Amino acid sequence: MHRPVIEPRTDSPASQAVGLDLDGTLAVDQGWQGGRIGLPQPGAMDALRLLAARRAVFICTARPERWLPEVADWVSWYSGLDAFFDPNPERAYWQVVGGPILITRTKLGAACYIDDRAVHHAGDWTATLATVSHVIGLDREGIPALA
Ligand SMILES: [Mg+2]
């Protein structure tokens, strides 16, 4: 099933943004111990620059808040783009096209997310649950799928 095209619309702030995961997506995943961040994955910084020139881009990570300024520094160092950590818990959207990369712990509204752990849900829960069951091993535990 093809995904719908999500055109940027002024009445839909979520339509203007792309969210990206950090570990395992932009960066090689080597764990969080000590706050270290892996090297950029091949092509990741080129993709980030391409997207950031055309849409509002934010990076959403589950890393503890105290490490997020370092994430902003990492993004700036490797991409050459401005990046900043925003701890505002009330923020729901990021809409600055061509502006700095926002670093957040909040799952903001977005046209799409890029995440190594994501399972795409296209409206069919039978298919989604089958994929998730395989990913987390429920199928090997004999857990029945949806009827
Ligand atoms: Mg990840």
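Residues numbered from 1 in each chain as written. Predicted model: local features only at pLDDT ≥ 70, side-chain atom pairs only at ≥ 80, totals over all residues. Heavy atoms only, no water.

Caption draft 1: Fine view of the coordination of the magnesium ion. At the metal site, the magnesium ion is ligated by Asp 21 (OD), Asp 23 (O) and Asp 116 (OD), and these contacts range over 2.1 Å. Here the donor residues of the magnesium ion are spaced in sequence according to D-x1-D-x92-D. Here Asp 21, found in the loop between β1 (17-20) and α1 (44-52), pairs with Asp 116, found in the loop between β5 (112-114) and α3 (125-135); they are 95 residues apart in sequence, far enough to count as distant. Among the residues examined, Asp 21 registers a relative accessible area of 12% and is labelled buried. (Donors = N, O, S within 2.8 Å, 3.2 Å for Na, K, Ca; no water. Helix = DSSP H or I, 4+ residues; strand = E, 2+ residues; numbered from the N terminus. Buried < 20%, exposed > 50% of the residue type's maximum accessible area, 1.4 Å probe, protein only.)

Caption draft 2: Seen up close, the pattern of salt bridges. Within this structure, the stated rule accounts for five salt bridges. Where Asp 23 meets Arg 63, a salt bridge forms, and the shortest distance between an N and an O atom there is 2.8 Å. Of this pair, Asp 23 sits in the loop between β1 and α1 while Arg 63 sits in the loop between β2 (56-60) and α2 (68-79), and the two are 40 residues apart along the sequence. Take Asp 23 and Arg 63: they sit in the same class, and that class is buried. For the salt bridge of Asp 116 with Arg 117, the shortest nitrogen-to-oxygen distance reads 3.6 Å. (Salt bridge = Lys/Arg side-chain N within 4 Å of Asp/Glu carboxyl O.)

Caption draft 3: Broad picture of the environment of Lys 107. Relative to the elements of secondary structure, Lys 107 occurs in the loop between β4 (101-104) and β5. Overall, Lys 107 belongs to the exposed group, its relative accessible area being 67%. If near-sequence neighbours (up to four positions away) are discounted, Lys 107 is found in contact with Cys 60 and Tyr 113. (Contact = heavy atoms within 4.5 Å.)

Caption draft 4: Expanded view of the nonpolar core. Within the largest apolar cluster, 20 residues are counted, with the highest numbers of intra-cluster contacts made by Leu 22, Leu 26, Ile 59, Trp 74, Val 75, Ile 101 and Ile 103. Secondary structure elements with two or more residues in this core: β1, α1, β2, α2 and β4. The dominant element in this core, judged by the number of residues it contributes, is α2, at five residues. Setting aside chain neighbours within four positions, we find Val 75 in contact with Leu 48, Ile 59, Gly 80, Leu 81, Ala 83, Ile 101 and Ile 103. Within the second largest apolar cluster, seven residues are counted, among which are Ala 17, Ala 56, Phe 58 and Cys 60. (Core = buried A, V, L, I, M, F, W, Y, C linked by side-chain atoms within 4.5 Å.)

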